[in-house]
Amino acid sequence: MFFVDTLEFEGLGNRSYLVGGPRAAVAVDPPRDIDQVIAAAARRGVRIAYVAETHVHNDYVTGGLELARVTGASYLVPAAAHVSFARTPVADGDTVTVDEGLVLRALATPGHTPHHTSYVLEEDGRGAAAFTGGSLLIGTVGRPDLVEPRLTEELARAQHASAHRLADELDDEVPVLPTHGFGSFCSSSQAEGDATTIGRERTANDALTLDVDTFVAEMLAGLDDVPAYYAHMGPANAAGPAPVDLTPPGRADAGEIAARLAAGEWVVDLRSRTAFAEGHVAGSFNFEGDGKLATYLAWLIPWGKPVTLLADTPERIAGAQRELARVGIDRPAAATGDPASWIREGERLASFPRARFADLAEVRGRGEEVVVLDVRRDSERAAGHVEGAVHVPVHELYGRLDEVPPGTVWVHCAGGMRAAIAASLLDAAGRRVVAVDDGFDAAGEAGLTVTRP
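Figured I'd write up the structure that's included with this text. Counting restarts for each chain: residues are numbered from 1 in the order of the written sequence. This being a predicted model, a pLDDT of at least 70 is required before a residue's local features are given, and a value of 80 or more before pairs of side-chain atoms are given or counted; all residues contribute to the totals for chains, interfaces and linings. Hydrogens and waters are ignored; side-chain quantities use all the structure's heavy atoms.

## With respect to unusual backbone geometry
In step 1: One non-glycine residue, Asp-29, adopts positive backbone phi at about 50°.
In step 2: Runs of H or I in DSSP of at least four residues are treated as helices and runs of E of at least two as strands, each being numbered from the N terminus. Relative to the assigned elements, Asp-29 resides in the loop between β3 (24-28) and α1 (35-44).
In step 3: Categorising residues by exposure relies on relative accessible area from a 1.4 Å probe, with only protein chains included: less than 20% of the type maximum marks a residue as buried, more than 50% marks it as exposed, and the intermediate range marks it as partly exposed. For Asp-29, a relative accessible area of 0% gives the class buried.

Put into structure tokens, the structure is as follows:
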């Protein structure tokens, strides 16, 4: 008998796996904060004998090298991956014995990267689970455009072939256990559902139901923006990431917070968008700790700029510190407690109003001139937008603030989280802003004209 433990990282939309038998296990695509993997192995009472990477990751910093060092495990990395550290190179068809009767077989599945490798767990010689990394996902595949623009179409065709190879070599009942596809921008489209099998993918995945030319054309047409921080993840992983330091950050008092703001550093408030709108340190930005913190903060921040985190509890700081470390944002300063303690004597907290689309419709109905700013991605806007709205995707807004027309800005996204980020950027720049905290479907219901293709 074997087990598979899934470690889920909702903020980044990824999963890692610990799989093994009674005595030994292999960790597949582990996160940088390896203590979670070690704890999972301890609960099972197994030794981590192998650490396996499906590819050099573009969307997070791996913990594979450090996990292998700490546990003494063999570090399996695709042989064709260009890395600067010692590892056990694996090529197509290579096998390792994880435990009695359990063998892990490498299966070359290029497409997400040229060297991408899936791993098939075989129990007594029969395929029992497929760890597909960024190859075959739930209802989709990993995107092929993260390596080199000139390789994108070639890799898209390779994804189609790799999906077919997996389907040809594995039985219908074999579970497909991907790393990406649960919100990660490494997925070419978002996965539908939480679990799948080879058989289900045969009937539901475009890579297995469309001919290669149609598949490639449709996938390339649907690719969305790539988070800017991805440019730093691959090189960090290829070089060999440093061990993570999750000891509590240094405390920042009101004077230090003010000094950091004056120096142009980023002060990030992790509280809810409701709490932030009601009262916050002027010049700070709102990235909710419960949202996709690492993705959007790492996407927007100028790379390498120091970060100070503000939160209502130390636990919130610790959670954010862990999540940010997964994308290489290390050692923030921090402050917790009452927001009034974050400002110097004589200063006041800043605030701005929140509203619904119905409120915007009412304001427009009175003939008031306001700026409506849509901060969704291009693909979202293409499916429908409020008539007359200015469009600047939230991940571009920090560098394009001067393009927002003068006047009070009513900023919206699809649900409220990204609008809150955008509102905080505008507020910090001295603009009058209203954050629309509402689902986009409510725009049409409120009587606003929504232009659709």
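Structure shown, so let's carry the discussion forward.
## Focus: the pattern of salt bridges
In step 1: The salt bridge definition used is simple: a Lys or Arg side-chain nitrogen within 4 Å of an Asp or Glu carboxyl oxygen. Inspection of every chain in the model, using the stated rule, returns 39 salt bridges.
In step 2: Here Glu-153 and Arg-157 are joined by a salt bridge, their closest N and O atoms 3.4 Å apart. Linking Glu-153 with Arg-157, this pair stays in helix α3 (residues 152-169), spanning four residues, or about one helical turn.
In step 3: One salt bridge in this structure joins Asp-374 and Arg-381, with 3.5 Å as the shortest N-O distance. Considered together, Asp-374 and Arg-381 belong to a single accessibility category, that of buried residues.
In step 4: Shared partners join several salt bridges into a network, and the residues in it are Asp-92, Arg-105, Glu-122, Arg-165 and Glu-169.

## Things to note about the environment of Arg-47
In step 1: On the secondary structure map, Arg-47 appears in strand β4 (residues 47-52).
In step 2: For Arg-47 and Thr-71, which are 24 residues apart along the polypeptide, the C-alpha to C-alpha distance reads 8.0 Å.
In step 3: If we skip the residues at most four places from it in the chain, Arg-47 touches Arg-23, Ala-24 and Ala-25. The contact criterion used throughout is that any non-hydrogen atoms of two residues lie within 4.5 Å.

## Thoughts on the sheet that holds strand β18 (residues 371-374)
In step 1: If DSSP finds at least two bridges between two strands, the strands pair. Ordered in space as β17-β22-β21-β18-β20, the five strands form an open sheet in which the pairing is parallel. Only two strands of the sheet have a single neighbouring strand rather than two, namely β17 (354-355) and β20 (390-391).
In step 2: Pairing of β17 with strand β22 (residues 433-436), which is carried by two bridges, proceeds in the parallel orientation. Across the sheet, the residue bridging to Arg-354 is Ala-435, located in β22.

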